[in-house]
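So you can see what is in the structure, the chains are spelled out below.
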Amino acid sequence: MNYLTIIIGHIGGTLLLLVRSLKFLPTLPRQFARFMEQCYLIGYTSLPIVTILSFFIGSVLALQSGYSMENFGAKQFIGTLVGLTMARELGPVMVAILIAGRVGSAITAELASMKVYQEIDALTTMNIPPERMLVLPRLAAIVVMMPVLAIIANLCGWYGGALVCQYTHSISVDSEAYFTALKAYMKRSDVTDGLIKAEVFGFVIILVCCYIGLNTRGGPREIGASVTKAVVTSLILILVLDYFVTKALLMS
Amino acid sequence: MSNSTFTASPFLGKTFGVTVANVTKKFGRTTVLKDVSLEVKPGEIFCIMGPSGSGKTVLLKHIAGLEIPTSGEVRIGDFDAADPETRNKVHLALVFQAGALFNSLSVYDNLALYPREHRECNEAGIRERVMHALSILSLEKAANKFPSDLSGGMKKRVAIARALVMEPQLLLYDEPTSELDPVMSATLTEIIATLREQTAVTSIVVTHDRDLAFAIADRVAFVMDGKIRGVGRPADFKNPTDPVIANFLNPVIDLKNPRFKQLENSHE
Ligand SMILES: Nc1ncnc2c1ncn2[C@@H]1O[C@H](COP(=O)(O)OP(=O)(O)O)[C@@H](O)[C@H]1O
Ligand SMILES: [Mg+2]
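Residues numbered from 1 in each chain as written. Chains lettered and ligands numbered in written order. Predicted model: local features only at pLDDT ≥ 70, side-chain atom pairs only at ≥ 80, totals over all residues. Heavy atoms only, no water.

A. Seen up close, the layout of surface pockets. Approximately 1400 Å³ is the volume attributed to the largest pocket. In terms of lining residues, the largest pocket is bounded by 37 residues, among which Arg20, Ile120, Thr124, Pro130 and Glu131 of chain A are the most central. Of all the secondary-structure elements, those providing two or more residues to the lining of the largest pocket are α1 (2-22), α4 (78-116), α5 (119-125), α6 (130-167) and α8 (188-214) of chain A together with α2 (86-89) of chain B. Its residues placed into classes, the lining of the largest pocket shows 16 nonpolar, nine polar and twelve charged. (1 Å grid on protein atoms, 1.4 Å probe; cavity = no way out; pocket = protein on both sides within 12 Å on 5 of 7 lines; lining within 4 Å. Points joined across faces, edges and corners; volume = space filled by probe spheres on them. Helix = DSSP H or I, 4+ residues; strand = E, 2+ residues; numbered from the N terminus. Nonpolar A, V, L, I, M, F, W, Y, C, P; charged D, E, K, R; others polar.)

Right under this line is the structure:
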(Lines give C-alpha, C1' and ligand atoms only; values in the text may rest on other atoms or scores of the structure.)
(Ligands and ions follow the chains in the order given, each with its own letter.)
Protein backbone atom coordinates (compact mmCIF):
# COMPACT_ATOMS: atom_id res chain seq x y z
CA MET A 1 0.00 0.00 0.00
CA ASN A 2 2.68 2.43 1.08
CA TYR A 3 4.81 1.33 -1.88
CA LEU A 4 1.92 1.92 -4.23
CA THR A 5 1.39 5.49 -3.05
CA ILE A 6 5.10 6.18 -3.46
CA ILE A 7 5.07 4.86 -7.02
CA ILE A 8 1.95 6.82 -7.90
CA GLY A 9 3.58 9.90 -6.38
CA HIS A 10 6.64 9.44 -8.62
CA ILE A 11 4.51 8.93 -11.72
CA GLY A 12 2.62 12.10 -10.88
CA GLY A 13 5.87 13.95 -10.27
CA THR A 14 7.28 12.80 -13.60
CA LEU A 15 4.15 13.90 -15.46
CA LEU A 16 4.25 17.24 -13.67
CA LEU A 17 7.86 17.69 -14.77
CA LEU A 18 6.78 16.94 -18.34
CA VAL A 19 3.96 19.48 -18.24
CA ARG A 20 6.18 22.14 -16.68
CA SER A 21 8.87 21.56 -19.28
CA LEU A 22 6.49 21.60 -22.23
CA LYS A 23 5.09 24.88 -20.96
CA PHE A 24 8.43 26.40 -21.99
CA LEU A 25 8.30 24.99 -25.51
CA PRO A 26 8.05 28.50 -27.02
CA THR A 27 11.48 29.31 -25.52
CA LEU A 28 13.13 26.52 -27.51
CA PRO A 29 14.19 28.67 -30.49
CA ARG A 30 16.26 30.96 -28.29
CA GLN A 31 17.76 27.95 -26.52
CA PHE A 32 18.97 26.64 -29.85
CA ALA A 33 22.61 26.45 -28.72
CA ARG A 34 21.69 24.30 -25.73
CA PHE A 35 19.49 22.11 -27.90
CA MET A 36 22.37 21.56 -30.34
CA GLU A 37 24.76 20.79 -27.50
CA GLN A 38 22.38 18.10 -26.24
CA CYS A 39 21.92 16.71 -29.76
CA TYR A 40 25.67 16.41 -29.93
CA LEU A 41 25.94 14.74 -26.51
CA ILE A 42 22.98 12.41 -27.00
CA GLY A 43 23.32 11.63 -30.67
CA TYR A 44 26.76 12.20 -32.03
CA THR A 45 28.73 10.76 -29.12
CA SER A 46 26.51 7.67 -29.10
CA LEU A 47 27.16 6.97 -32.78
CA PRO A 48 30.27 4.76 -32.54
CA ILE A 49 28.82 2.38 -29.98
CA VAL A 50 25.43 2.23 -31.71
CA THR A 51 27.16 1.42 -34.99
CA ILE A 52 29.38 -1.31 -33.59
CA LEU A 53 26.76 -2.98 -31.42
CA SER A 54 24.01 -3.02 -34.04
CA PHE A 55 26.44 -4.35 -36.61
CA PHE A 56 27.27 -7.29 -34.38
CA ILE A 57 23.66 -7.86 -33.36
CA GLY A 58 22.68 -8.06 -37.02
CA SER A 59 25.58 -10.44 -37.65
CA VAL A 60 24.72 -12.74 -34.79
CA LEU A 61 21.08 -12.70 -35.80
CA ALA A 62 22.04 -13.88 -39.28
CA LEU A 63 24.35 -16.52 -37.87
CA GLN A 64 21.72 -17.94 -35.53
CA SER A 65 18.89 -17.86 -38.03
CA GLY A 66 21.13 -19.36 -40.70
CA TYR A 67 21.80 -22.25 -38.33
CA SER A 68 18.15 -22.83 -37.42
CA MET A 69 16.56 -22.14 -40.80
CA GLU A 70 18.82 -24.50 -42.62
CA ASN A 71 16.67 -27.30 -41.21
CA PHE A 72 13.64 -25.99 -43.10
CA GLY A 73 15.57 -25.16 -46.21
CA ALA A 74 14.45 -21.59 -45.64
CA LYS A 75 17.84 -19.93 -45.91
CA GLN A 76 16.59 -17.54 -48.56
CA PHE A 77 14.39 -15.85 -45.92
CA ILE A 78 17.25 -14.92 -43.58
CA GLY A 79 17.18 -11.39 -45.00
CA THR A 80 13.51 -11.06 -44.08
CA LEU A 81 14.09 -12.34 -40.58
CA VAL A 82 17.09 -10.13 -39.83
CA GLY A 83 15.43 -7.13 -41.47
CA LEU A 84 12.18 -7.43 -39.53
CA THR A 85 13.76 -8.30 -36.20
CA MET A 86 16.19 -5.40 -36.39
CA ALA A 87 13.61 -2.86 -37.51
CA ARG A 88 10.73 -3.90 -35.30
CA GLU A 89 12.49 -5.00 -32.14
CA LEU A 90 16.21 -5.17 -31.64
CA GLY A 91 17.14 -1.85 -33.24
CA PRO A 92 14.88 0.32 -31.07
CA VAL A 93 15.37 -1.70 -27.89
CA MET A 94 19.13 -1.84 -28.23
CA VAL A 95 19.45 1.88 -28.93
CA ALA A 96 17.16 2.58 -25.97
CA ILE A 97 19.29 0.43 -23.66
CA LEU A 98 22.45 2.19 -24.85
CA ILE A 99 20.85 5.59 -24.34
CA ALA A 100 19.76 4.61 -20.83
CA GLY A 101 23.25 3.39 -20.00
CA ARG A 102 25.39 6.16 -21.39
CA VAL A 103 23.15 9.22 -21.77
CA GLY A 104 20.47 8.68 -19.10
CA SER A 105 23.06 7.91 -16.45
CA ALA A 106 25.11 10.98 -17.39
CA ILE A 107 22.05 13.23 -17.27
CA THR A 108 21.02 11.93 -13.86
CA ALA A 109 24.55 12.31 -12.52
CA GLU A 110 24.77 15.87 -13.81
CA LEU A 111 21.38 17.00 -12.52
CA ALA A 112 21.80 15.15 -9.21
CA SER A 113 25.12 16.82 -8.59
CA MET A 114 23.62 20.20 -9.49
CA LYS A 115 20.89 19.48 -6.97
CA VAL A 116 23.22 18.30 -4.21
CA TYR A 117 25.59 21.26 -4.66
CA GLN A 118 22.62 23.66 -4.60
CA GLU A 119 23.03 24.79 -8.20
CA ILE A 120 19.35 24.00 -8.76
CA ASP A 121 18.44 26.15 -5.75
CA ALA A 122 20.61 28.91 -7.18
CA LEU A 123 18.76 28.69 -10.50
CA THR A 124 15.44 28.84 -8.69
CA THR A 125 16.38 31.97 -6.76
CA MET A 126 17.61 33.48 -10.03
CA ASN A 127 14.12 32.88 -11.40
CA ILE A 128 15.49 30.55 -14.09
CA PRO A 129 13.25 27.46 -14.05
CA PRO A 130 15.39 24.29 -14.24
CA GLU A 131 12.67 22.73 -16.41
CA ARG A 132 13.28 25.37 -19.04
CA MET A 133 17.06 25.42 -19.01
CA LEU A 134 17.87 21.79 -18.17
CA VAL A 135 14.97 19.52 -19.08
CA LEU A 136 13.41 20.99 -22.21
CA PRO A 137 16.57 21.04 -24.40
CA ARG A 138 17.29 17.42 -23.48
CA LEU A 139 13.77 16.28 -24.30
CA ALA A 140 13.84 18.12 -27.60
CA ALA A 141 17.23 16.64 -28.47
CA ILE A 142 16.17 13.06 -27.79
CA VAL A 143 13.05 13.50 -29.94
CA VAL A 144 15.26 14.51 -32.85
CA MET A 145 18.15 12.10 -32.28
CA MET A 146 16.34 8.89 -31.35
CA PRO A 147 14.93 8.13 -34.84
CA VAL A 148 18.28 9.00 -36.39
CA LEU A 149 20.08 6.56 -34.11
CA ALA A 150 17.45 3.87 -34.70
CA ILE A 151 17.75 4.21 -38.48
CA ILE A 152 21.53 3.95 -38.25
CA ALA A 153 21.18 0.90 -36.00
CA ASN A 154 18.85 -0.73 -38.53
CA LEU A 155 21.18 -0.11 -41.44
CA CYS A 156 24.22 -1.39 -39.58
CA GLY A 157 22.34 -4.47 -38.40
CA TRP A 158 21.12 -5.24 -41.90
CA TYR A 159 24.58 -4.91 -43.40
CA GLY A 160 26.11 -6.95 -40.60
CA GLY A 161 23.63 -9.72 -41.39
CA ALA A 162 24.34 -9.45 -45.10
CA LEU A 163 28.08 -9.78 -44.59
CA VAL A 164 27.69 -12.83 -42.39
CA CYS A 165 25.32 -14.49 -44.85
CA GLN A 166 27.65 -13.97 -47.75
CA TYR A 167 30.91 -15.00 -46.11
CA THR A 168 29.80 -17.77 -43.75
CA HIS A 169 30.40 -21.06 -45.44
CA SER A 170 27.44 -22.93 -44.00
CA ILE A 171 25.01 -20.13 -44.99
CA SER A 172 26.43 -18.58 -48.16
CA VAL A 173 23.42 -16.52 -49.20
CA ASP A 174 24.80 -13.69 -51.33
CA SER A 175 23.87 -10.19 -50.31
CA GLU A 176 21.74 -9.62 -53.39
CA ALA A 177 19.41 -12.46 -52.42
CA TYR A 178 19.57 -11.33 -48.79
CA PHE A 179 18.41 -7.82 -49.59
CA THR A 180 15.77 -9.02 -52.04
CA ALA A 181 14.26 -11.12 -49.26
CA LEU A 182 14.64 -8.23 -46.83
CA LYS A 183 12.72 -5.88 -49.12
CA ALA A 184 10.13 -8.36 -50.32
CA TYR A 185 8.43 -9.02 -47.00
CA MET A 186 9.03 -5.76 -45.22
CA LYS A 187 6.50 -2.97 -45.23
CA ARG A 188 7.23 0.68 -44.66
CA SER A 189 5.19 0.41 -41.45
CA ASP A 190 7.62 -2.15 -40.03
CA VAL A 191 10.31 0.49 -40.05
CA THR A 192 8.08 3.33 -38.84
CA ASP A 193 6.69 1.16 -36.02
CA GLY A 194 10.24 0.61 -34.86
CA LEU A 195 10.98 4.33 -35.02
CA ILE A 196 7.86 5.11 -33.00
CA LYS A 197 9.02 2.62 -30.38
CA ALA A 198 12.48 4.17 -30.28
CA GLU A 199 10.93 7.60 -29.92
CA VAL A 200 8.74 6.50 -26.99
CA PHE A 201 11.61 4.74 -25.22
CA GLY A 202 14.03 7.63 -25.65
CA PHE A 203 11.55 10.24 -24.47
CA VAL A 204 10.55 8.25 -21.39
CA ILE A 205 14.18 7.48 -20.48
CA ILE A 206 15.28 11.11 -20.62
CA LEU A 207 12.20 12.33 -18.74
CA VAL A 208 12.64 9.75 -15.98
CA CYS A 209 16.37 10.36 -15.71
CA CYS A 210 15.80 14.12 -15.42
CA TYR A 211 13.12 13.53 -12.79
CA ILE A 212 15.28 11.25 -10.68
CA GLY A 213 18.27 13.59 -10.97
CA LEU A 214 16.31 16.68 -9.97
CA ASN A 215 14.72 14.88 -7.03
CA THR A 216 17.98 13.75 -5.47
CA ARG A 217 18.15 14.61 -1.78
CA GLY A 218 21.00 14.51 0.66
CA GLY A 219 24.73 14.47 0.10
CA PRO A 220 27.14 13.46 -2.67
CA ARG A 221 26.57 9.77 -1.92
CA GLU A 222 23.05 10.13 -3.21
CA ILE A 223 24.32 11.06 -6.68
CA GLY A 224 25.49 7.50 -7.24
CA ALA A 225 22.30 6.09 -5.77
CA SER A 226 20.25 8.26 -8.12
CA VAL A 227 22.22 7.13 -11.16
CA THR A 228 21.67 3.48 -10.29
CA LYS A 229 17.98 4.12 -9.71
CA ALA A 230 17.68 5.97 -13.02
CA VAL A 231 19.37 3.25 -15.08
CA VAL A 232 17.45 0.40 -13.45
CA THR A 233 14.13 2.25 -13.80
CA SER A 234 14.91 3.03 -17.44
CA LEU A 235 15.72 -0.59 -18.28
CA ILE A 236 12.55 -1.85 -16.64
CA LEU A 237 10.48 0.80 -18.39
CA ILE A 238 12.01 -0.02 -21.78
CA LEU A 239 11.10 -3.69 -21.57
CA VAL A 240 7.65 -3.15 -20.07
CA LEU A 241 6.79 -0.37 -22.51
CA ASP A 242 8.17 -2.51 -25.34
CA TYR A 243 5.41 -5.04 -24.81
CA PHE A 244 2.58 -2.54 -24.61
CA VAL A 245 3.75 -0.26 -27.42
CA THR A 246 4.32 -3.27 -29.68
CA LYS A 247 0.86 -4.56 -28.88
CA ALA A 248 -0.71 -1.20 -29.55
CA LEU A 249 1.15 -0.85 -32.85
CA LEU A 250 0.22 -4.35 -33.99
CA MET A 251 -3.44 -3.69 -33.26
CA SER A 252 -3.60 -0.42 -35.16
CA MET B 1 27.10 53.51 -16.69
CA SER B 2 29.09 55.59 -14.26
CA ASN B 3 32.05 53.91 -12.69
CA SER B 4 31.94 55.80 -9.45
CA THR B 5 29.18 53.60 -7.99
CA PHE B 6 29.17 49.87 -7.49
CA THR B 7 26.11 49.21 -9.58
CA ALA B 8 24.01 51.65 -11.52
CA SER B 9 20.95 49.64 -10.66
CA PRO B 10 17.63 50.46 -12.28
CA PHE B 11 16.17 49.31 -8.98
CA LEU B 12 18.19 51.85 -7.06
CA GLY B 13 16.32 52.65 -3.90
CA LYS B 14 13.55 50.19 -4.70
CA THR B 15 14.11 47.68 -1.99
CA PHE B 16 11.92 45.54 0.22
CA GLY B 17 11.48 44.82 3.88
CA VAL B 18 10.95 41.27 5.09
CA THR B 19 8.41 40.05 7.62
CA VAL B 20 8.74 36.62 9.14
CA ALA B 21 5.50 35.87 10.98
CA ASN B 22 5.26 32.89 13.35
CA VAL B 23 7.15 30.54 11.06
CA THR B 24 7.44 26.93 12.17
CA LYS B 25 9.26 24.40 10.02
CA LYS B 26 9.28 20.66 10.51
CA PHE B 27 11.31 18.13 8.57
CA GLY B 28 9.54 14.89 9.32
CA ARG B 29 9.48 14.73 13.09
CA THR B 30 12.19 17.26 13.84
CA THR B 31 11.13 20.85 14.29
CA VAL B 32 13.89 23.11 12.99
CA LEU B 33 12.19 26.51 13.31
CA LYS B 34 9.89 27.14 16.24
CA ASP B 35 7.48 30.05 15.89
CA VAL B 36 10.06 32.48 14.51
CA SER B 37 9.02 36.09 14.00
CA LEU B 38 11.23 38.87 12.64
CA GLU B 39 10.79 42.23 11.02
CA VAL B 40 13.54 43.47 8.68
CA LYS B 41 13.09 47.08 7.59
CA PRO B 42 13.78 48.20 4.02
CA GLY B 43 17.40 49.19 3.52
CA GLU B 44 18.62 47.57 6.70
CA ILE B 45 21.64 45.37 7.21
CA PHE B 46 20.19 42.69 9.41
CA CYS B 47 22.50 40.04 10.83
CA ILE B 48 21.28 36.66 12.00
CA MET B 49 23.69 35.01 14.41
CA GLY B 50 23.59 31.73 16.25
CA PRO B 51 25.38 28.44 16.76
CA SER B 52 25.75 25.87 14.00
CA GLY B 53 22.66 23.79 13.43
CA SER B 54 20.34 26.33 15.02
CA GLY B 55 18.34 26.79 11.81
CA LYS B 56 19.85 29.94 10.29
CA THR B 57 20.24 28.54 6.79
CA VAL B 58 16.75 27.07 6.90
CA LEU B 59 15.39 30.47 7.91
CA LEU B 60 17.24 32.16 5.04
CA LYS B 61 15.85 29.59 2.60
CA HIS B 62 12.35 30.46 3.76
CA ILE B 63 12.97 34.09 2.92
CA ALA B 64 14.31 33.04 -0.50
CA GLY B 65 11.21 30.91 -1.11
CA LEU B 66 13.25 27.70 -1.30
CA GLU B 67 11.45 26.22 1.71
CA ILE B 68 7.76 26.46 2.50
CA PRO B 69 6.85 27.04 6.16
CA THR B 70 4.93 24.27 7.90
CA SER B 71 2.95 27.08 9.49
CA GLY B 72 3.31 30.84 9.50
CA GLU B 73 4.28 33.13 6.68
CA VAL B 74 7.21 35.04 5.21
CA ARG B 75 6.46 38.27 3.35
CA ILE B 76 8.81 40.27 1.15
CA GLY B 77 7.21 43.69 1.04
CA ASP B 78 3.63 42.78 0.25
CA PHE B 79 4.45 39.49 -1.45
CA ASP B 80 4.34 35.97 -0.07
CA ALA B 81 7.88 34.55 -0.23
CA ALA B 82 6.53 31.03 -0.77
CA ASP B 83 4.64 32.02 -3.92
CA PRO B 84 6.73 31.34 -7.07
CA GLU B 85 5.13 34.41 -8.68
CA THR B 86 7.01 36.58 -6.17
CA ARG B 87 10.23 35.92 -8.11
CA ASN B 88 8.79 37.83 -11.04
CA LYS B 89 8.18 40.85 -8.82
CA VAL B 90 11.22 40.95 -6.54
CA HIS B 91 14.84 40.64 -7.62
CA LEU B 92 16.16 38.50 -4.84
CA ALA B 93 19.69 37.19 -4.67
CA LEU B 94 20.98 34.57 -2.28
CA VAL B 95 24.71 34.11 -1.78
CA PHE B 96 24.99 30.46 -0.77
CA GLN B 97 27.45 29.42 1.89
CA ALA B 98 29.30 27.12 -0.49
CA GLY B 99 28.82 29.47 -3.42
CA ALA B 100 26.57 27.15 -5.46
CA LEU B 101 28.40 28.24 -8.60
CA PHE B 102 27.51 26.46 -11.82
CA ASN B 103 30.41 24.06 -12.16
CA SER B 104 29.98 23.53 -15.87
CA LEU B 105 30.22 27.26 -16.62
CA SER B 106 33.17 29.62 -16.47
CA VAL B 107 33.12 32.44 -13.96
CA TYR B 108 32.14 34.83 -16.73
CA ASP B 109 29.24 32.63 -17.84
CA ASN B 110 28.15 32.12 -14.23
CA LEU B 111 27.66 35.86 -14.00
CA ALA B 112 26.26 36.28 -17.49
CA LEU B 113 23.62 33.58 -17.07
CA TYR B 114 21.09 35.75 -15.31
CA PRO B 115 21.00 38.70 -17.73
CA ARG B 116 21.16 36.29 -20.68
CA GLU B 117 18.27 34.14 -19.49
CA HIS B 118 16.17 37.16 -18.68
CA ARG B 119 17.23 38.90 -21.88
CA GLU B 120 17.88 42.12 -20.05
CA CYS B 121 20.42 43.52 -22.50
CA ASN B 122 22.58 42.60 -25.48
CA GLU B 123 25.92 40.78 -25.19
CA ALA B 124 27.84 44.06 -25.05
CA GLY B 125 25.65 45.29 -22.22
CA ILE B 126 25.98 41.97 -20.44
CA ARG B 127 29.76 42.09 -20.81
CA GLU B 128 29.83 45.54 -19.26
CA ARG B 129 27.65 44.43 -16.35
CA VAL B 130 29.62 41.25 -15.73
CA MET B 131 33.03 42.90 -15.90
CA HIS B 132 31.82 45.67 -13.63
CA ALA B 133 30.66 43.18 -11.01
CA LEU B 134 33.92 41.25 -11.33
CA SER B 135 35.96 44.41 -10.91
CA ILE B 136 34.13 45.32 -7.70
CA LEU B 137 35.34 42.05 -6.18
CA SER B 138 38.74 42.26 -7.94
CA LEU B 139 38.07 39.11 -9.90
CA GLU B 140 38.83 40.34 -13.43
CA LYS B 141 41.61 37.80 -13.84
CA ALA B 142 39.35 34.92 -12.87
CA ALA B 143 36.75 35.59 -15.56
CA ASN B 144 37.76 32.65 -17.72
CA LYS B 145 38.47 30.20 -14.93
CA PHE B 146 36.11 27.44 -13.89
CA PRO B 147 34.73 27.15 -10.36
CA SER B 148 36.77 24.00 -9.71
CA ASP B 149 39.97 26.04 -10.19
CA LEU B 150 39.08 28.64 -7.56
CA SER B 151 39.96 28.82 -3.87
CA GLY B 152 37.17 28.90 -1.30
CA GLY B 153 37.49 32.65 -0.84
CA MET B 154 37.37 33.28 -4.57
CA LYS B 155 34.26 31.11 -4.93
CA LYS B 156 32.58 33.23 -2.28
CA ARG B 157 33.51 36.42 -4.08
CA VAL B 158 32.29 35.04 -7.40
CA ALA B 159 29.02 34.11 -5.71
CA ILE B 160 28.66 37.69 -4.48
CA ALA B 161 29.55 39.05 -7.92
CA ARG B 162 26.91 36.80 -9.44
CA ALA B 163 24.38 38.21 -7.00
CA LEU B 164 25.39 41.78 -7.92
CA VAL B 165 24.81 41.18 -11.62
CA MET B 166 21.19 40.43 -10.73
CA GLU B 167 20.87 44.00 -9.41
CA PRO B 168 19.04 42.66 -6.39
CA GLN B 169 16.36 44.41 -4.38
CA LEU B 170 16.90 42.02 -1.52
CA LEU B 171 20.29 40.47 -0.84
CA LEU B 172 20.72 37.42 1.36
CA TYR B 173 24.13 36.17 2.46
CA ASP B 174 24.73 32.79 4.10
CA GLU B 175 27.93 32.99 6.15
CA PRO B 176 29.79 35.19 3.66
CA THR B 177 32.98 35.29 5.71
CA SER B 178 33.24 31.72 6.97
CA GLU B 179 36.40 29.90 5.88
CA LEU B 180 38.04 33.19 4.90
CA ASP B 181 41.20 34.70 6.33
CA PRO B 182 40.78 37.79 8.52
CA VAL B 183 41.78 40.26 5.79
CA MET B 184 39.40 38.73 3.25
CA SER B 185 36.67 38.68 5.90
CA ALA B 186 37.20 42.37 6.52
CA THR B 187 37.14 43.03 2.77
CA LEU B 188 33.84 41.21 2.34
CA THR B 189 32.40 43.02 5.33
CA GLU B 190 33.32 46.32 3.70
CA ILE B 191 31.80 45.17 0.41
CA ILE B 192 28.50 44.24 2.05
CA ALA B 193 28.32 47.59 3.82
CA THR B 194 29.33 49.60 0.74
CA LEU B 195 26.79 47.83 -1.45
CA ARG B 196 24.03 48.70 0.95
CA GLU B 197 25.36 52.25 1.13
CA GLN B 198 25.24 52.71 -2.62
CA THR B 199 22.14 50.79 -3.61
CA ALA B 200 20.21 50.95 -0.34
CA VAL B 201 19.49 47.25 -0.75
CA THR B 202 18.08 45.38 2.24
CA SER B 203 20.78 42.90 3.25
CA ILE B 204 20.19 39.93 5.50
CA VAL B 205 23.45 38.35 6.61
CA VAL B 206 23.62 34.99 8.36
CA THR B 207 26.95 34.88 10.12
CA HIS B 208 29.08 33.68 13.02
CA ASP B 209 31.39 36.60 12.52
CA ARG B 210 31.09 38.94 15.50
CA ASP B 211 33.35 41.53 13.87
CA LEU B 212 31.14 41.68 10.79
CA ALA B 213 27.92 41.89 12.77
CA PHE B 214 29.12 44.53 15.17
CA ALA B 215 30.79 46.63 12.49
CA ILE B 216 28.03 46.90 9.93
CA ALA B 217 24.71 45.54 11.22
CA ASP B 218 21.86 47.90 11.90
CA ARG B 219 20.29 45.17 13.96
CA VAL B 220 21.23 41.67 15.04
CA ALA B 221 19.02 38.68 15.83
CA PHE B 222 20.19 35.64 17.73
CA VAL B 223 18.76 32.29 16.74
CA MET B 224 19.22 29.50 19.25
CA ASP B 225 17.77 26.06 18.75
CA GLY B 226 15.21 27.25 16.19
CA LYS B 227 13.95 30.14 18.28
CA ILE B 228 14.72 33.86 18.35
CA ARG B 229 16.66 34.47 21.52
CA GLY B 230 17.05 38.23 21.15
CA VAL B 231 16.90 41.08 18.62
CA GLY B 232 18.46 44.49 18.92
CA ARG B 233 21.06 46.99 17.81
CA PRO B 234 24.65 45.78 18.04
CA ALA B 235 25.25 48.26 20.87
CA ASP B 236 22.60 46.44 22.92
CA PHE B 237 24.74 43.31 22.84
CA LYS B 238 28.05 44.90 23.82
CA ASN B 239 27.44 43.68 27.34
CA PRO B 240 24.63 41.18 26.90
CA THR B 241 22.48 40.45 29.93
CA ASP B 242 21.25 37.13 28.52
CA PRO B 243 23.85 34.58 29.70
CA VAL B 244 23.28 32.32 26.64
CA ILE B 245 23.98 35.15 24.19
CA ALA B 246 26.91 36.32 26.34
CA ASN B 247 28.38 32.84 26.25
CA PHE B 248 27.84 32.62 22.49
CA LEU B 249 29.49 35.98 21.78
CA ASN B 250 32.33 35.68 24.27
CA PRO B 251 32.97 32.04 25.01
CA VAL B 252 35.62 31.75 27.69
CA ILE B 253 38.19 29.13 26.97
CA ASP B 254 38.51 27.38 30.29
CA LEU B 255 41.04 24.57 30.29
CA LYS B 256 40.42 23.72 33.95
CA ASN B 257 36.76 22.94 33.33
CA PRO B 258 36.48 22.31 29.57
CA ARG B 259 33.13 22.26 27.82
CA PHE B 260 33.56 18.83 26.30
CA LYS B 261 33.93 17.38 29.80
CA GLN B 262 30.67 19.06 30.78
CA LEU B 263 29.02 17.54 27.70
CA GLU B 264 30.31 14.12 28.68
CA ASN B 265 29.01 14.48 32.22
CA SER B 266 25.60 15.62 31.08
CA HIS B 267 25.09 12.30 29.36
CA GLU B 268 25.50 10.36 32.55
N1 LIG C 1 16.21 19.42 4.18
C2 LIG C 1 16.37 19.08 5.48
N3 LIG C 1 15.85 17.93 5.94
C4 LIG C 1 15.99 17.58 7.24
N5 LIG C 1 16.65 18.30 8.15
C6 LIG C 1 17.20 19.46 7.76
C7 LIG C 1 17.10 19.91 6.40
N8 LIG C 1 17.74 21.09 6.29
C9 LIG C 1 18.23 21.36 7.53
N10 LIG C 1 17.91 20.39 8.41
C11 LIG C 1 18.26 20.37 9.84
O12 LIG C 1 17.93 21.61 10.38
C13 LIG C 1 18.87 22.01 11.37
C14 LIG C 1 19.33 23.42 11.09
O15 LIG C 1 20.12 23.42 9.91
P16 LIG C 1 20.74 24.76 9.34
O17 LIG C 1 19.69 25.78 9.15
O18 LIG C 1 21.51 24.37 8.14
O19 LIG C 1 21.73 25.20 10.49
P20 LIG C 1 22.69 26.46 10.51
O21 LIG C 1 22.14 27.34 11.59
O22 LIG C 1 24.04 25.94 10.88
O23 LIG C 1 22.67 27.09 9.17
C24 LIG C 1 19.99 20.99 11.32
O25 LIG C 1 19.85 20.15 12.44
C26 LIG C 1 19.74 20.22 10.06
O27 LIG C 1 20.10 18.88 10.23
MG1 LIG D 1 24.12 27.27 7.72
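On we go.
B. Representation of the sheet that holds strand β10 (residues 227-232) of chain B. Residue and element names in this part refer to chain B. Strand order in the open sheet formed by six strands is β6-β7-β8-β3-β9-β10, and the pairing between neighbours is mixed. The sheet is open, and its two edges are formed by β6 (92-95) and β10, each paired on a single side. For this sheet, the mean inter-axis angle between neighbouring strands, taken without regard to orientation, is 15°. Across four bridges, strand β3 (residues 45-49) lies against strand β9 (residues 219-224) in parallel orientation. Looking across to β9, one finds that methionine 49 is bridged to phenylalanine 222. Contacting β3, β6, β7 (170-174), β8 (202-206) and β9, helix α1 (residues 56-63) runs over the sheet at an angle of about 160° to β7. (Pairing = 2+ DSSP bridges. Axes fitted to C-alpha atoms, helices over the stretch in contact; angles between N-to-C directions. Contact = heavy atoms within 4.5 Å.)

C. Quick peek at the site of ligand 1. Residues and elements named next belong to chain B. Surrounding ligand 1, one finds Phe27, Val32, Pro51, Ser52, Gly53, Ser54, Gly55, Lys56, Thr57 and Val58. One of the backbone N or O atoms of serine 54 is found 3.2 Å from an oxygen atom in ligand 1. The backbone of valine 58 places a nitrogen or oxygen atom 3.0 Å from an oxygen atom of ligand 1. Bound to the protein, ligand 1 loses 56% of the 560 Å² it would expose on its own. Counting residues per element, the shell around ligand 1 draws most heavily on α1, at three residues. Tallied by class, the residues present in the shell around ligand 1 amount to four nonpolar, five polar and one charged. (Near = heavy atom within 4 Å. Polar contact = N/O pair within 3.5 Å; in protein donor to acceptor, adjacent residues only side chain to side chain. Areas by Shrake-Rupley, 256 points an atom, 1.4 Å probe, with all protein chains shown as cover.)

Keep in mind that these numbers describe shape and distance, not what the molecule does.
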